Each structure stands twice: as structure tokens, then as C-alpha cells.
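# Structural overview for review
So the chains spell out like this:
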Amino acid sequence: MTIHANDVSRPAGIIRLANSFCDAKALLTAVELGLFDTLSAGPADLGQIREKLGLDGRGLSDWLDLLVELGLLERDGDRYRNAAGAGRFLVRGAATYIGGFLERSNRNLYPAWGRLADALRTGQPQSGSSFDAVVENPRILGQFINSMDALTRTLGPQLIAAWDGWDRYGSVLDVGGCRGALAAQIVAANPNLAGHVFDLPQMEPFFDGLATERGLRDRLTFHGGSFFTDPLPPADVVVLGHVLHDWDAGQREFLIRKAFDSVRPGGTLLIYDRMLDRASSRVENLVISLDMLLVTDGGSEYTVAEATGHCLRAGFADAESRDLGDDDTLVIARKTA
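What comes next is a walk through the structure.

Conventions adopted
- Residues numbered from 1 in each chain as written.
- Predicted model: local features only at pLDDT ≥ 70, side-chain atom pairs only at ≥ 80, totals over all residues.
- Heavy atoms only, no water.
- Pairing = 2+ DSSP bridges.
- Helix = DSSP H or I, 4+ residues; strand = E, 2+ residues; numbered from the N terminus.
- Axes fitted to C-alpha atoms, helices over the stretch in contact; angles between N-to-C directions.
- Contact = heavy atoms within 4.5 Å.
- Parallel < 35°, antiparallel > 145°, perpendicular 65-115°, else oblique.
- Nonpolar A, V, L, I, M, F, W, Y, C, P; charged D, E, K, R; others polar.
- Expected span 1.5 Å × (residues − 1).
- Buried < 20%, exposed > 50% of the residue type's maximum accessible area, 1.4 Å probe, protein only.
- Salt bridge = Lys/Arg side-chain N within 4 Å of Asp/Glu carboxyl O.
- Phe/Tyr/Trp six-rings, centres within 6.5 Å; stacked < 30°, edge-to-face > 60°.
- Right-handed = clockwise from strand over helix to strand, strands pointing away.

## Side note on the sheet that holds strand E4 (residues 171-175)
Read across the open sheet, the 7 strands follow the order E6-E5-E4-E7-E8-E10-E9; overall the sheet is mixed. The sheet terminates laterally at strand E6 (220-224) and strand E9 (318-324), the two strands that pair on one side only. In this sheet, adjacent strand axes meet at a mean angle of 20° when their direction is disregarded. Relative to strand E7 (residues 235-241), E4 is paired through 3 bridges, and the arrangement is parallel. Bridge pairing links Val-172 to Val-237 in E7. Strands in contact with helix H13 (residues 249-262) are E4, E7 and strand E8 (263-273); relative to E8, the strand with the most contacts, it is inclined by about 145°.

Below, the structure written as C-alpha cells:
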């Protein structure tokens, strides 16, 4: 039996669960307004926070005290400061900043979840804009990239540690690799690897900026195109991370077959997503699957059995799975030499 933080056998627990969106919006608003950035300079009182953030003041103490109760702020007398987690992960500009994902949640996912009933009735996305529109707007595309970078900062080191085969190969391709944040981490940790990123052409300027910033222009290569219509470049290791859940089951199988053609003989395909049969993350991953309902035309999370089945039908010799980080599952499929 799944145990939730709220005791839903009692009316108070049900009501508290129903109002959990209030906690989320308090956090998302703090990121939107730059509260954690402001407090990174040091503790501040109500008046200072009000002035720095340009707020009216009504409700301010309640909002700040709620963030204290949620563990995001600490209060000492009349002064507030960032709690350890907020100070490390929610201050813009920090190498560990994950707020890009929260910014996207606030802008895109939060409004879409308000239309969940419409999505369930119609099967149609509710986010209000297609990804084609996102990639044509550099400002919005930049925000999307920041949200992907937020996930990669955590998952990159976990992926590198989860598989011991990196030193056996010479090249890695990240399909749908955005601006190359994951590929950059992989090649930085494995000097033997040349890194390749395949994504839409609009990502290339962002890729160029990251490769220059990381000093990896000679070890990272960008390939622009659509993975539904263009061939994937060959590589020893091909990665499909947080890509397949954007598409329906038939499209997922198609992409895995394309990945098989891309993997060189003796190479490996790595797939990771929030797969639905990871018991420890069942609630979290069902939420992500519903995110896909709300923001894509046919996407959803899926099971390990579906992923490994697609791999074996595509021609991989075998496929195994293991936990990756807190909530993801990694599928490793090997191609015969």
C-alpha cells in the first residue's frame, strides 16, 4: 500500500491534499519574483524584502512564514534567510541552480494542470503552445533550455556513475540533447570520448555558447535536424534521455529503431525516463506522465517492458534496466559486434 504524507482516510487529510497546489504556487512565486536571489545577499526583514521585490506588503509575512514552514526559508526574529536547500539550488547564477525547471513549471505546467479535466475529456494538450512555436521564439526557447539544464545538472553525474562502459568506447551521441549540457558532462568525465549532440537546428547557437563556455569546442559536435525525418549520426554510445516520453508508443518504437541504426556494431544504447514500474517513484512518475498528456500530442511515460521490447525487436542483442537517481530508470541495450 502506498503511504502518502496526508492521511486521506480523514477529511482533514483529503482537504490538505487538495490544497497542496498552494504550497507549490508559494514556491513557484518565490522563484518568479527572485526572493531566493535577493536573500542570497544576506538576511532581510519584511521592509527590505518588500522594497527589493517591489511588493505591496499585504500578505507578505504570511507568504514568507509559509515558506519557512515548508523548509525553504529560515526566520530569526524579524529577519528571513534562505534555508540550505534554497540557498544551494534556487539562486540564479549558481552552478547548482535548478530553478529553470520551476520557472517552466510556473509558466507552462501550472496553468495546464488547471485544465486537466479538459485534457482527460478530449485527449488534447492544454499548454497553449506547440513546441514548434517554442523553438521559433529565442526567449521562450532559452527558458525551455534552462529547464532542461536544471534536470541535467542532477542526472548527468548520476548517469555517468550508473554505467561502467564509458571507457570502452570512442564516441557518444545524445539524441534530443538540447544545447549539449549532458554530452559536455560525459566527455569532461571521459577524455576518451568525442561527444555529439543531435537536435533541432534552432538549438545550435545555444550549443555553441555552452561548448565555448566549457572549453569543449574541439570535443563536441552539433548535428541539426529532426529525428523523425533525418538520419542520426553514428556513434558507439547513443543516449535517449527524457525524449521517448514526448511521443506515443509507435513513435517510441520508431525512434529506438533509428537509434539501433545509429549505434555502431558492438555499441550500446542508453535510455532513461521516469518509467512507470519504479515502485519507489510511482506517484512522481505518474505526475510526469500526466504532464505529457497536458503538453504533448501523444506522449506519456511507459514501462521497462515496453522499452526493452522495442529494443529487442529493433535488433539489440539484450537489454537490462536499473534505477537511475531518485526517480528515473535506465535501460541499457547492447548491439552485437
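## Some remarks on the packing of helix H7 (residues 99-113) against helix H14 (residues 282-295)
Two measures define how a pair of helices packs: the angle their axes make with one another and the distance between the axes. Here H7 crosses H14 at 85°, and the two axes come no closer than 10 Å. Relative to H14, H7 is oriented roughly perpendicular. Across the interface between the two elements, Arg-104, Asn-108, Leu-109, Ala-112 and Trp-113 from H7 touch Val-287, Leu-290, Asp-291, Leu-294 and Val-295 from H14. Of the residues that constitute the contact of H7 with H14, the class distribution is 7 nonpolar, 1 polar and 2 charged.

## Focus: H14
In this model, H14 (14 residues) spans 20 Å end to end at C-alpha, consistent with the 20 Å of a helix rising 1.5 Å per residue. Buried within H14 we find Asn-285, Ile-288, Ser-289, Asp-291, Met-292, Leu-293, Leu-294 and Val-295. For H14, the elements touching its buried residues are H7 and helix H8 (116-122).

## As for the pattern of salt bridges
Enumeration over the complete set of coordinates arrives at 19 salt bridges. With a shortest N-O distance of 3.8 Å, Asp-327 and Arg-274 are connected by a salt bridge. Of the two residues, Asp-327 is situated in the loop between E9 and strand E10 (328-334) and Arg-274 in the loop between E8 and H14; the sequence distance between them amounts to 53 residues. Of the two residues examined, Asp-327 and Arg-274, each falls in the buried class. Within the structure, one salt-bridge network assembled from shared partners comprises Asp-318, Glu-320, Arg-322 and Arg-334.

## Topic: unusual backbone geometry
Most peptide bonds take the trans form, and the phi angle of most residues other than glycine is negative. In this model, Cys-178 sits at a positive phi of 60°, which is unusual for a non-glycine residue. With respect to the element layout, Cys-178 can be found in the loop between E4 and helix H11 (181-189). A relative accessible area of 8% places Cys-178 in the buried class.

## Some words on the packing of helix H1 (residues 11-18) against helix H2 (residues 20-33)
Between H1 and H2, the shortest axis-to-axis distance is 4 Å and the interhelical angle comes to 35°. For the pair formed by H1 and H2, the contact residues are Arg-16, Leu-17 and Ala-18 on the first element and Ser-20, Phe-21 and Asp-23 on the second. Residues of the contact of H1 with H2, tallied by class, amount to 3 nonpolar, 1 polar and 2 charged.

## Remarks on the sheet that holds strand E2 (residues 73-76)
One open sheet holds the 3 strands; their spatial order is E1-E3-E2, and the pairing between them is antiparallel. Edge positions in the sheet fall to strand E1 (44-45) and E2, since each has one partner strand and no second. Of the strands in this sheet, E2 and strand E3 (79-82) are in contact with helix H5 (residues 60-69), which crosses E2 at around 110°.

## Description of the packing of aromatic side chains
Here the structure, examined in full by the defined rule, presents 8 aromatic pairs. Summarising the aromatic geometry, the rings of Phe-227 and Trp-247 are spaced 6.1 Å apart at their centres and angled 85° between planes, so their arrangement reads as edge-to-face. Taken as a pair, Phe-227 in the loop between E6 and E7 and Trp-247 in the loop between E7 and H13 lie far apart in primary sequence, 20 residues in all. Residue Phe-227 is classed as buried on the basis of its relative accessible area of 14%. Relative to Phe-254, the ring of Phe-228 has its centre 5.9 Å away and its plane inclined at 15°; by these criteria the two rings are stacked. Taken together, the residues span a long stretch of sequence, with Phe-228 in the loop between E6 and E7 and Phe-254 in helix H13 at a distance of 26 residues. Taken together, Phe-227, Phe-228, Trp-247 and Phe-254 form an aromatic cluster joined through their ring pairs.

## Some points on the pairing of E8
For E8, a buried count of 8 out of 11 residues is recorded, marking the element as mostly surrounded by other parts of the structure. In this structure, E7 lies alongside E8, joined through 6 bridges in parallel fashion. Paired with Val-239 across the bridge in E8 is Leu-270. Running through H13, the crossover from E7 to the neighbouring parallel element E8 is right-handed. By the bridge criterion, 6 bridges tie E8 to E10 in an arrangement that is antiparallel.

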